[in-house]
Amino acid sequence: MSRAFPEGAVAVFGGSGGIGKGVALEFAKAGTDVAIFYRSKKDSAEAAAEEVRKLGRRASIHQADARSYEELEAGFGSAVEAHGRIHSIVWGAGPIVAQVNIADWSLEQFRASMEIEAFGFYYAVRIAIPHFRAKGGGSFVHLGSAGHDWWPHLDGLSVAPKACNESLIKGIAKEEGVHEIRANSVLVGVIDAGQFKVGQQEGYFDAEWERNVKAMLPIKRWGLAEDIGKAAVFLASDDANYVTGQTISVAGGFGV
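Along each chain, numbering runs from 1 in the same order as the chain's sequence is written. Thresholds applied to this predicted model are a pLDDT of at least 70 for local features of residues and 80 or more for the giving and counting of side-chain atom pairs; totals over whole chains, interfaces and linings are not thresholded and use all residues. Only hydrogens and water are set aside; all other atoms, that is, all heavy atoms of the structure, feed into the side-chain values.

Caption draft 1: Region of the structure containing the overall build of the protein. By definition, any uninterrupted DSSP run of H or I lasting at least four residues is a helix, any uninterrupted run of E lasting at least two residues is a strand, and each is numbered from the N terminus. Of regular secondary structure, the protein possesses eight helices and seven strands. The principal-axis extent of the C-alpha atoms belonging to the protein is close to 50 × 35 × 35 Å. The rule is simple: take the accessible area with a 1.4 Å probe, protein chains only, and divide by the maximum for that residue type; under 20% is buried, over 50% is exposed, in between is partly exposed. Within the protein, the proportion of its 256 residues that are buried is 52%. Sequence separation of at least 24 residues holds for 75% of the intrachain contacts in the protein that already meet a minimum separation of 6. Surface accessibility in these figures is a Shrake-Rupley result with a 1.4 Å probe; residues are shielded only by whichever protein chains are displayed. Summing over all exposed atoms, the protein offers an accessible surface of approximately 11900 Å²; the carbon and sulfur share of this is 52%. Whether two residues are in contact is decided by their heavy atoms, any of which lying within 4.5 Å being enough.

Have a look at this one:
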């Protein structure tokens, strides 16, 4: 058991992705074990788990489609069985989304974003709260979007479902604080991993886009996955044990 966390593990949903892996490693560095949840990238999940183990912490991987309550419930149960307790959940699951105007979203695109991010997060919350209550508390950390504060052009398929989750975070904080359950968010800006890397490869984010966005940032660089991980660690740890219902924008000053 570390100074910052009780015995058990953090569950990182989306832990096989670029940002999720960075988050998992920061928790391991902070002294806690990690349960990595993934949908299809088993090899990436296992590679992330192996890096956690190299840092001296236990790691497990658990397959679950966020659109399935039953799969999430089974995955969470297997994580509890592996670690004895899940003390924190970091929700970073989400699809790679197209950069499209709201009027041009397909019904399938919007449905997929909402089902994976919003429905999936609520499923995880509903499953985890009884466990957190029984164990004397717990922490939810939602990886949201900096677009929650300043709407980014064409990124609505990412921002909209995360905005739903921001409301859930506020509600969880108010309703579950009596059980020592906290809920906070990290608003994620342009991070040199995950969606941004895919967008570069697919041509959504060209050199002109990058110049224009960096011109708005007080800190003239892209963020790193570890920057998100450090913020998530703080919010989940005992260092923030009287912090709930709050957001930290890790976006280089985007929207300031």
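Caption draft 2: Structural detail: helix H2 (residues 42-54). Helix span is expected to be 1.5 Å times the residue number reduced by one. With 13 residues, H2 should cover 18 Å at 1.5 Å per step; its first-to-last C-alpha distance of 18 Å lies within 8% of that length. Buried residues along H2 sit in contact with helix H1 (18-29), strand E2 (33-38) and strand E3 (59-63). Two residues or fewer after H2 comes Gly56, characterised by a positive phi angle close to 90°.

Caption draft 3: Seen up close, the packing of H1 against H2. For helices, the fitted line uses only the C-alpha atoms of the stretch in contact; every axis is such a line through C-alpha atoms, and the angle between N-to-C directions lies from 0 to 180 degrees. Look at H1 against H2: their axes get within 9 Å of each other, and the N-to-C directions meet at 20°. Here H1 lies roughly parallel to H2, going by the angle between them. Here H1 and H2 pass one another in a crossing that is right-handed. Where H1 abuts H2, its residues Lys21, Ala24, Leu25 and Ala28 lie against Ala48, Glu51 and Val52. Class assignment for the residues of the contact of H1 with H2 results in five nonpolar, no polar and two charged. Put simply, angles under 35 degrees are roughly parallel, angles over 145 are roughly antiparallel, angles from 65 to 115 are roughly perpendicular, and the rest are oblique. What makes a crossing left-handed is the near helix being turned counterclockwise from the far one by less than a right angle; a clockwise turn instead makes it right-handed. As a working rule, the residues Ala, Val, Leu, Ile, Met, Phe, Trp, Tyr, Cys and Pro are called nonpolar, Asp, Glu, Lys and Arg charged, and the rest polar, with Gly in that last group.

As far as function goes, none of this settles anything; it's purely spatial.
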